[in-house]
2 protein chains.
Amino acid sequence: MKYVYLFQEGNKNMKELLGGKGANLAEMTSLGLPVPSGFIVTTEACNQYYENNKVMHEEIKKQIFEKIEELEKITSKKFGDKENPLLLSIRSGARISMPGMMDTILNLGMNDEIAISFSKKIGNARFVYDSYRRFIQMYADVVMGYPRTQFEEELDSFKKEKNVKLDMDLSAEDMKHLTEKYKEIYKKIGNSDFPQDPRKQLIEAITAVFRSWMNERAIVYRKMNDIPESYGTAVNVQEMVYGNLGENSGTGVAFTRNPATGENSLYGEYLMNAQGEDVVAGIRTPNPIATLKEKMPTIYAEFERIAKTLENHYHDMQDMEFTIENGKLFMLQTRNGKRTGRAALKIAVDLEKEGLITKEEALLKVDAESLDQLLHPTFDVSALKEGNIIAKGLAASPGAASGKIYFTASAVEAAFLKGEQTILVREETSPEDIKGMVKAEGVLTVRGGMTSHAAVVARGMGRCCICGCADLVIQEKEKTLTTKDGKVYKEGDFISLDGSTGNVYDGLLRKVEAQIHDDFETFMSWADEVRHLQIRANADTPNDAKQARKFGAEGIGLCRTEHMFFNEERIFPFRKMITSVTDDQREKALLEILPYQREDFIGLFEAMEGLPVIIRFLDPPLHEFLPHTTKEIRALAKSLDIPYETLKNRVEELKEFNPMMGHRGCRLTITYPSITRMQTRAVIEAAIAVSKKGITVKPEIMIPLISDPKELHYVEEIVKDEAEKVLKENNISLEYLVGTMIETPRATLFADVIAETAEFFSFGTNDLTQLTYGFSRDDSSKFLNTYYEKGIFEKDPFAKIDEYGIGKLILLASKKARRIRPSIELGICGEHGGEASSIAFCNKIGLDYVSCSPYRVPIARLAAAQASIKANQSK
Amino acid sequence: MKYVYLFQEGNKNMKELLGGKGANLAEMTSLGLPVPSGFIVTTEACNQYYENNKVMHEEIKKQIFEKIEELEKITSKKFGDKENPLLLSIRSGARISMPGMMDTILNLGMNDEIAISFSKKIGNARFVYDSYRRFIQMYADVVMGYPRTQFEEELDSFKKEKNVKLDMDLSAEDMKHLTEKYKEIYKKIGNSDFPQDPRKQLIEAITAVFRSWMNERAIVYRKMNDIPESYGTAVNVQEMVYGNLGENSGTGVAFTRNPATGENSLYGEYLMNAQGEDVVAGIRTPNPIATLKEKMPTIYAEFERIAKTLENHYHDMQDMEFTIENGKLFMLQTRNGKRTGRAALKIAVDLEKEGLITKEEALLKVDAESLDQLLHPTFDVSALKEGNIIAKGLAASPGAASGKIYFTASAVEAAFLKGEQTILVREETSPEDIKGMVKAEGVLTVRGGMTSHAAVVARGMGRCCICGCADLVIQEKEKTLTTKDGKVYKEGDFISLDGSTGNVYDGLLRKVEAQIHDDFETFMSWADEVRHLQIRANADTPNDAKQARKFGAEGIGLCRTEHMFFNEERIFPFRKMITSVTDDQREKALLEILPYQREDFIGLFEAMEGLPVIIRFLDPPLHEFLPHTTKEIRALAKSLDIPYETLKNRVEELKEFNPMMGHRGCRLTITYPSITRMQTRAVIEAAIAVSKKGITVKPEIMIPLISDPKELHYVEEIVKDEAEKVLKENNISLEYLVGTMIETPRATLFADVIAETAEFFSFGTNDLTQLTYGFSRDDSSKFLNTYYEKGIFEKDPFAKIDEYGIGKLILLASKKARRIRPSIELGICGEHGGEASSIAFCNKIGLDYVSCSPYRVPIARLAAAQASIKANQSK
């Protein structure tokens, strides 16, 4: 078995064996680029090490030293030689770049004797001892696991003693002194001398890399990212080159294009007379890469040429590390560069225009999720600091918001009039809060989940919102907000919300406004060409619908009619309807509601101009619509002309233990068929009004929450009866569909019988997930974090569809339904409809469409395209 | 096609064609018993009538009049003859006795001419005109659908005019007068004369019976009882016999044995000189059947002989109708008699002893559900009146209770000391109410379902309880209870609760105490011989367990460990545990809980003496255990030595939107593994303590509410680790099982993977039903009634298992599990475990056991036996 490869023996396709970094070093070598020579100990050697009870096999050692001999020939240096020593860097390199793994050991191969004679030879003792002392510290740290503090303290106190500020100001003698001190510390900690045998140093260092594959951080990271343990890590052993040999030397990092904007020009920075760690440490300010053109025009030209070569070769933007040693350029690393969503899109479009990649390849180069950044303002990355996070809630509606906190809608309104930027903070919101939500930059609630009032309304208006932030406690009376750590925020204090992550930050943060890139339309049109899934939007109002169409929605997959009543003016008749005791009261309330509904449906149909519009009939979890405060109940009682006590009793009666599993969905319309009649009338009358204007209308009436075929059958008969009545009244004919949501586990079991009645299915994956797992989204956030920590769940089933549980039920139901009604229209409308992996699943099982919130439509379009491309590739 | 059968042409096995009543009349005829002659128009004739657009086919009419001719020969009377007329009774008779169908027309064949000459012939004009006017009224009512009121008003005003009280006091002339008046009324209502043609009368009457098959009440009844429309009804046409011909005539009803006690002696009553309707009308008081022995010894002897013949023939207790006409006995009907549970049991055992039936047949003769009456006090049937029902709730714990209402536990206690019988009425109960529950006769709550605190505790103590009685509103401050109709009950007013039906009655009702019948043990031992399913009990305390064993439980199928804390002394440390913020607090609280748990487990193991005991680890829906009132929170805060505000915030934090889908079950133990460790320790330490006394112990540890195999795997590892630790500490070895509840839909999908870890499954059909349908039991009572009314659901899925939905998941999971672990122990422990049709289902799919509440164990034993017998029969 061959365990060790010279760089010239490998190539970029050997990542499994050589690791990512090693394969790219090999590739650059074979491209004839200036790469310091070296070799790679393979991932198989790592696995062999673990199979062999964590002892490196003699065969591997033998092969390592054979390669050392070859390296000596190539470099004309000798490992362990006093006059002309071969010094090495050791770096880990797994198949996939992995934080938590051992990083780097530099200057390996140095010892006391070599330091003395090598200093003499090159006449630069300062450089040699600087390298030696760094080596000792790195070796102690990463090979032996000794703490770094004692070494750092020694350096600091010595600089103080010498009264210098920078390491650079220390002399050769000083470095020699430090080297001795470091060796003493090393001996004191581990009770053994620093190893003087370069061969021992090498084997120990490589073994340390192997060991780091199984350190705790690496294990956790692999679990989180689904990386098998069996991958193992490779080890890169490479001749040292020095950027710190004087003003003719230097080191830097650069991208072939701008990773923030995608602009096609070199982007990066460098420092002269420095080693890599100096660039990172931030003590000296690096120079922009462009200035290298003046300083070292030949080097810059060469680097530009190399960058272009690499990009052409890898067909992607590259992230490179380089070192200049005495006026000679060396490439230390290249890899596909990370980039912002904006840059990813521009680079993908440009690369296609440059003929480097196909449209399909371009589509795969952009993380669908990253498009979110293009559509919402975000915080300036440099402004975000982990330490500033004061709480974490549910990322309910994306965007970035900063402002003063206020605890009531009216306080927000007052502050708004004074020109203040505000954050509305509430236990949970109710329709009375909408005035405040409109005026606030962002909304933060302590209770409530992704489908709570706050979340739904905020998403609808594109307002940043964090929900269910249980880390915080509100003292409404005192107007304070207390964090888990006991920090108290008063009314008027500043906080910032990142609606895309759910993080709540202390203070005011810098924002970057959303900018739709010029290439956005081009790119999205490519996506539309290849995708099979239709993308619809969840839109409850004409405004939502317009927004959705702007983002490319091909229909409305879910209009939640009860959300049309989430504002103060309309909540009133709705509450009347809900709290009605007699049929008469209810009929009256419904008559008040009808015009609102019809008006909204007209708006929706007009906005969608002939695209399909699925209108879900009322599915109000009662508690969201009940009046709560004495004041609200009094007002309603007065309007209903009934005693306060009577209404209060009625409200008590309507309260539910588990509203999610309560009197909602079709259950409500079965109890009160007049609701169904009113809604049918509103839909059909609106459709007639709009079609009379010459606009095609495709209403699809959807009955929610059925668990038995008979429920649908019962409601469908009422819908058809009323619809025919309205059409007859207007002496007109019009096509419409009647379908249902499949969102209870039982409905999936009876999908075939249901399909006898239903003309379409929309899988409600939110409720289906809740019921199949048996936990509600609003409550589960309390324990799901523990599940992730303990590795019981790998992902949030409310975010990414549970393919093997929920997905199985959906697949089963789809098959059953198509057997009975082959033309049945199938889609999903839960939050999953806007998430890439869930969209891929929907594509795989052959659904017709996914529906998501308007702002996620572009993401869904791209994810659907990527799913199509990948499905084709794997054929 | 033969549409009409003489009685002598049929037999008891022809119920499908001849209907129940007709088949039995035919059977009695062929047994040579004195039955007035007659014939039956078949159910097929009824179906033909509907096929023929509700017109009776000429062929059927032809056959009817052919049989009339034969009847004339047999009776030597002539239909329509003036001197010697054949008068007929017409009665409906479906396959299954059905309320709402047309009942009876008597004296058909009478008209003006016949009345005159017939009166002369028999010299009894009063009798003839009495018969005639009755006939007119019945014909008007059931054939023509005319209202009865005008006829009744005429009779009443005429009696007033004549100044008589009883019909009997009216003379022949009076009857004649009434007949004329009735004919006038008849004509006035329908604008046509009363038909004088007997043949027309006959065909119209038979057609009216056919029509009544499709009247609304009949349709509703069929739907409710799953009787197909295609059955149709037969019509019995029979020669009239008269019990009202004088003191030598009479009529009565009797059972071959006592239907209340089962005692083997004739039981019934009769009236001399009366027709059947007089017995029912209750104007005269009938005499006990025994007195007939003195009055008419020969008739009585004949009747006794007939009764014995019928019993021997039908192998069951008979319910008979008879008439004595001028000293001659006629049998008008026989059928298997309805009986109380107590009688059913005694009769079944006696019949077996008498050699009339086998043990299997005896077992099938007792409705399993009726055993409930034997184990709980019940109200005296005669005391129950529909009109007295003031509200209906959930039948949470069976029994009968009457008493004064009180609204707090302390008021109940005070009243108890004064010797009062009380009913505790609460919005919902909490552990603080237990003192009151112990002292009250019964418990009534307005909120909460079959698994609420009140229901669980009441069942555990065998206390009568009605829960979730949403018809009532409590005004706690005013100490009043208001019904839907606005009636107000004050503290101290009397009400009665029927815990077996959920009915709440006004006032104090007479009770019948529970009496375990002598034959109970014999009967149950027969059941045990034939059943395959093991019967376990849901028992949470040693007392429950003892009770369960008394009733024949073969193990504990569910010990809900959180219920061990449903009392005031123990709730305190439990609340501490739940509200703990730090691990340290929680550990301390757990240490307080451990001794309680261990002590209870010791009691359980001792009570069950080696029978299996399934202990479900904590599954507390948090809200049931949180302190609610300021007082409770203050007390707890003091004991935890933390500020009131802190605890109040913590309590707020722990509140859930949907507790049923919240932080409960294994989720709690995954978050806080120390709970699992404490419980494991308590179980194993208790098992060790008991086994040291020489008693075998079979603990089965059950992890609730898993939705993913990894959850079980995680908890199981902790359980095994702690168990081994305890065993090692005690230097002992002991067998125990670790299994799980399958109660989320997702768990059923992964049953095979779960069975790799689980050594047993207990299907939690309560939660499984809730989650699969998507409605909670506590909330669904609000809309399920509408579902039944509208025919969408036929039965309560929480009472009878939903075979095609939930049942399918259970079957699927069982198959998957057995594929992986053939020996896996499978059972159910939801409320369905005590319901007969659900038990039959469990038997069918081959589960190992069912588990139910202690008082239902006998019911389950019998239901399981019946399921086994029926399964054998259908093989």
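Each value, and the rule that gives it
Residues numbered from 1 in each chain as written. Chains lettered and ligands numbered in written order. Predicted model: local features only at pLDDT ≥ 70, side-chain atom pairs only at ≥ 80, totals over all residues. Heavy atoms only, no water. Pairing = 2+ DSSP bridges. Helix = DSSP H or I, 4+ residues; strand = E, 2+ residues; numbered from the N terminus. Phe/Tyr/Trp six-rings, centres within 6.5 Å; stacked < 30°, edge-to-face > 60°. Lys NZ or Arg CZ within 6 Å of the ring centre and 35° of its normal. Core = buried A, V, L, I, M, F, W, Y, C linked by side-chain atoms within 4.5 Å. Buried < 20%, exposed > 50% of the residue type's maximum accessible area, 1.4 Å probe, protein only. Contact = heavy atoms within 4.5 Å. Least-squares fit on C-alpha atoms with pLDDT ≥ 70 in both.

Trainee: Help me understand the pairing of strand S22 (residues 503–506) of chain A, please; the structure alone is not making it clear to me.
Mentor: A regular strand places its side chains on the two faces of the sheet in alternate fashion. Residues and elements named next belong to chain A. In terms of strand pairing, strand S12 (residues 389–392) meets S22 through three bridges, oriented antiparallel. Residue pairing for S22: Ile-389 is matched across the bridge by Tyr-505. Note: strand S21 (residues 494–498) against S22, four bridges, orientation antiparallel. By the bridge assignment, Ile-495 is partnered in S22 with Asp-506.

Trainee: Can you walk me through the packing of aromatic side chains in this structure?
Mentor: Two descriptors summarise a pair of aromatic rings, namely the distance from one centre to the other and the angle between the planes of the rings. In this structure the tally under the stated criterion is 50 aromatic pairs over all chains. Relative to A:Tyr50, the ring of A:Tyr49 has its centre 5.1 Å away and its plane inclined at 80 degrees; by these criteria the two rings are edge-to-face. Measuring from centroid to centroid gives 4.6 Å for B:Phe574 and B:Phe625, while their planes differ by 50 degrees, and the two rings are tilted. With B:Phe574 in helix H21 (residues 568–579) and B:Phe625 in the loop between strand S26 (612–616) and helix H23 (630–640), the pair connects residues that are 51 residues apart, well separated along the chain. Taken together, the ring pairs connect A:Tyr132, A:Phe135, A:Tyr139, A:Tyr146, A:Tyr186 and A:Phe194 into an aromatic cluster. Across the ring face of A:Tyr231, the terminal group of A:Arg95 is positioned such that the distance to the ring centre comes to 3.4 Å. Here the guanidinium or amino end of B:Arg199 rests over the ring plane of B:Phe65, the centre of that ring lying 3.8 Å away.

Trainee: Teacher, can you tell me more about the nonpolar core here?
Mentor: With 310 residues, the main nonpolar core has A:Phe761 and B:Phe761 as its most contacted residues. In this structure, A:Phe761 is in contact with A:Thr740, A:Ile742, A:Ala751, A:Ile754, A:Ala755, A:Ala813, A:Ala817, A:Ile824, A:Glu825, A:Leu826, A:Gly827 and A:Tyr849, ignoring residues within four places of it in sequence.

Trainee: I would appreciate a short explanation of the relation of the copies chain B and chain A in the present structure.
Mentor: The operation relating the pair of chain copies consists of a rotation about an axis and a translation along that axis. Least-squares fitting of chain B to chain A yields an RMSD of 0.1 Å, with the transformation described by 0.0 Å of translation along the axis and a rotation of 180 degrees. Both copies are brought into coincidence by an operation consistent with a two-fold rotation axis. By C-alpha distance to the rotation axis, the residue of chain B lying nearest is B:Asn658, at 2.1 Å. Both copies present the same face, since 100% of the interface residues in chain B are matched by interface residues at the equivalent positions in chain A.

Trainee: I'm lost on unusual backbone geometry in this one. Help?
Mentor: Here the phi dihedral of A:Lys54 falls at roughly 60 degrees; this positive angle occurs in a residue that is not glycine. As for its placement among the helices and strands, A:Lys54 is situated in the loop between helix H2 (43–51) and helix H3 (58–75). A:Lys54 sits in the exposed class, given a relative accessible area of 54%. Residue B:Asn163 is not a glycine yet carries a positive backbone phi of 60 degrees. Topologically, B:Asn163 is positioned in the loop between helix H6 (149–162) and helix H7 (172–190). Judged by relative accessible area, B:Asn163 falls into the exposed class, the value being 70%.

The quantities given are spatial measurements derived from coordinates; they are silent on function.
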